[in-house]
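A structural walkthrough
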Amino acid sequence: MREIITGRDIGTTVDFRSQGSYEAQHPWPAETTVSAGTGVVFIRNAKPGEARSYGTLFMEVYPPGASFIRGEGETPQACEDAAWAKYQLALQCSDQSGTHDWEPRDYRNGAGFCTKCNTFRSKIFTGEQLGQFCRICGVGTTYDWHTNESTGAQEFLCEEHYADNKPTESTDSNHPLVQLLDALLNENGDDEEGQR
C-alpha cells in the first residue's frame, strides 16, 4: 500500500496517528493508497435535537476497482474490516458479475455510484454524458459549474476558460455550507460578526 499524502510505499503498516501503527490484516493490492486517523463526520440531514456531527476512527483506501472506500469503527481493525467488506462488495458487485451500473446522483464532477453495490468511483462520466457544456466554447466539461445569480441557471466552464470567466464569490446566506458554517460558529460562542 501507499500513503495518500506522500505516495511513499508503506507496505502493510498503516499509521493511525492517535492510535499508533497498525498492521493491515487483509491482502490489499500493492497499488492501494491509504489514509487513516481520527476525524469528524457531518450529518447532512440531522433532525432537530440530533447530533450534526460525530468523531470517529477511520481508514480511507483507494484500491484498484474502486476510487474511494471509507471504513469507520472503534478500532483500527474494525475500520479495516469495514473497508475490506466494501471493497469485496465492489469487486463482486451485488450480482456477482463485478460489472457496475453507474449513475451520477447529482454529482457534476464526473463521479458516479453503482446502483447495485453503491461503490463510488471518480472519472466515470464525461461532461458530454452529463449534458454539461462550457458556456464559452461548448466543449463537454466537469471542471467548473456554478449558478448564474441573475438567471438562476447552471453554467459550466472548461479548464481553459475558467480563469478568465470564473464567477465572483457569492456570500449567499441560503447556501447550505454558509448555513452550516454559521451554525458551527454560533455553537462555538462567536458574536454576531463572527469574532471571538
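A brief look at the structure comes next. (Residues numbered from 1 in each chain as written. Predicted model: local features only at pLDDT ≥ 70, side-chain atom pairs only at ≥ 80, totals over all residues. Heavy atoms only, no water.)

Assigned secondary structure in the chain consists of four helices and eleven strands. For the chain, buried positions account for 32% of its 196 residues. For the chain, contacts bridging at least 24 residues in sequence account for 32% of all contacts bridging at least 6. Accessible surface, the chain as shown: approximately 12,500 Å² in total, 48% of it carbon and sulfur. (Helix = DSSP H or I, 4+ residues; strand = E, 2+ residues; numbered from the N terminus. Buried < 20%, exposed > 50% of the residue type's maximum accessible area, 1.4 Å probe, protein only. Contact = heavy atoms within 4.5 Å. Areas by Shrake-Rupley, 256 points an atom, 1.4 Å probe, with all protein chains shown as cover.)

Between its first and last C-alpha, helix α1 (residues 76–92) extends 24 Å over 17 residues, near the 24 Å set by a 1.5 Å rise per residue. Taken residue by residue, α1 has Pro76, Cys79, Glu80, Ala83, Trp84, Tyr87 and Ala90 as its buried positions. Projected down its long axis, α1 shows its buried positions confined to an angular sector of 125°, all on one face. Packing partners of the buried residues in α1 comprise β3 (21–23), β5 (53–62) and β6 (69–73). Downstream of α1 by one or two residues, Cys93 has phi in the positive range, about 55°. (Expected span 1.5 Å × (residues − 1). Arc of directions from axis to C-beta.)

What follows is about the pairing of strand β11 (residues 154–157). Across four bridges, strand β10 (residues 144–147) lies against β11 in antiparallel orientation. Bridge pairing in β11 places His146 opposite Glu155. (Pairing = 2+ DSSP bridges.)

Aromatic ring pairs are reported here in terms of the distance separating the ring centres and the angle at which the planes meet. Counted by the stated rule, this structure contains nine aromatic pairs. Through a chain of ring-to-ring contacts, the aromatic side chains of Trp28, Trp84 and Tyr87 assemble into a single cluster. (Phe/Tyr/Trp six-rings, centres within 6.5 Å; stacked < 30°, edge-to-face > 60°.)

Turning next to the environment of Gln154. Relative to the assigned elements, Gln154 resides in strand β11. As for Gln154 and Arg135, which are separated by 19 residues in sequence, their C-alpha atoms are 9.9 Å apart. If we skip the residues at most four places from it in the chain, Gln154 touches Arg108, Trp145, His146 and Thr147. Side chain to side chain, Gln154 and Thr147 meet in a polar contact 2.7 Å long. (Polar contact = N/O pair within 3.5 Å; in protein donor to acceptor, adjacent residues only side chain to side chain.)

So, on to the sheet that holds strand β4 (residues 33–42). Read across the open sheet, the four strands follow the order β1-β4-β5-β6; overall the sheet is mixed. The open sheet terminates on both sides in strands that have one partner only, identified here as β1 (2–3) and β6. Strand direction decides the pairing type here: β4 and β5, joined by ten bridges, are antiparallel. The partner of Val40 across the bridge, within β5, is Gly55. Running at roughly 145° to β6, α1 makes contact with β5 and β6 of the sheet. (Axes fitted to C-alpha atoms, helices over the stretch in contact; angles between N-to-C directions.)

Right, let's talk about the side chain of Gln132 for a bit. Structurally, Gln132 can be placed in the loop between α2 (127–130) and β10. In this view, Gln132 contacts Arg108, Gly127, Val139, Gly140, Thr141, Thr142 and Phe156; residues no more than four positions away in its chain are not counted.

Under the criterion given, the structure shown has four salt bridges. Here Arg105 makes a salt bridge to Glu103, at a shortest N to O gap of 2.7 Å. In this structure, Glu155 engages Arg135 in a salt bridge whose closest nitrogen and oxygen atoms are separated by 3.3 Å. Of this pair, Glu155 sits in strand β11 while Arg135 sits in the loop between α2 and β10, and the two are 20 residues apart along the sequence. One connected set of salt bridges, linked through shared partners, spans Glu60, Arg70 and Glu72. (Salt bridge = Lys/Arg side-chain N within 4 Å of Asp/Glu carboxyl O.)

In terms of nonpolar packing, the biggest core is built from 19 residues, with Met1, Val14, Phe16, Trp28, Val34, Met59 and Val61 touching the most fellow members. Elements with a contribution of two residues or more to this core: β4, β5 and α1. Counting residues per element, this core draws most heavily on α1, which supplies five residues. If sequence neighbours within four positions are ignored, Val34 has contacts with Met1, Arg2, Glu3, Ile4, Ile10, Val14, Met59, Glu60 and Val61. (Core = buried A, V, L, I, M, F, W, Y, C linked by side-chain atoms within 4.5 Å.)

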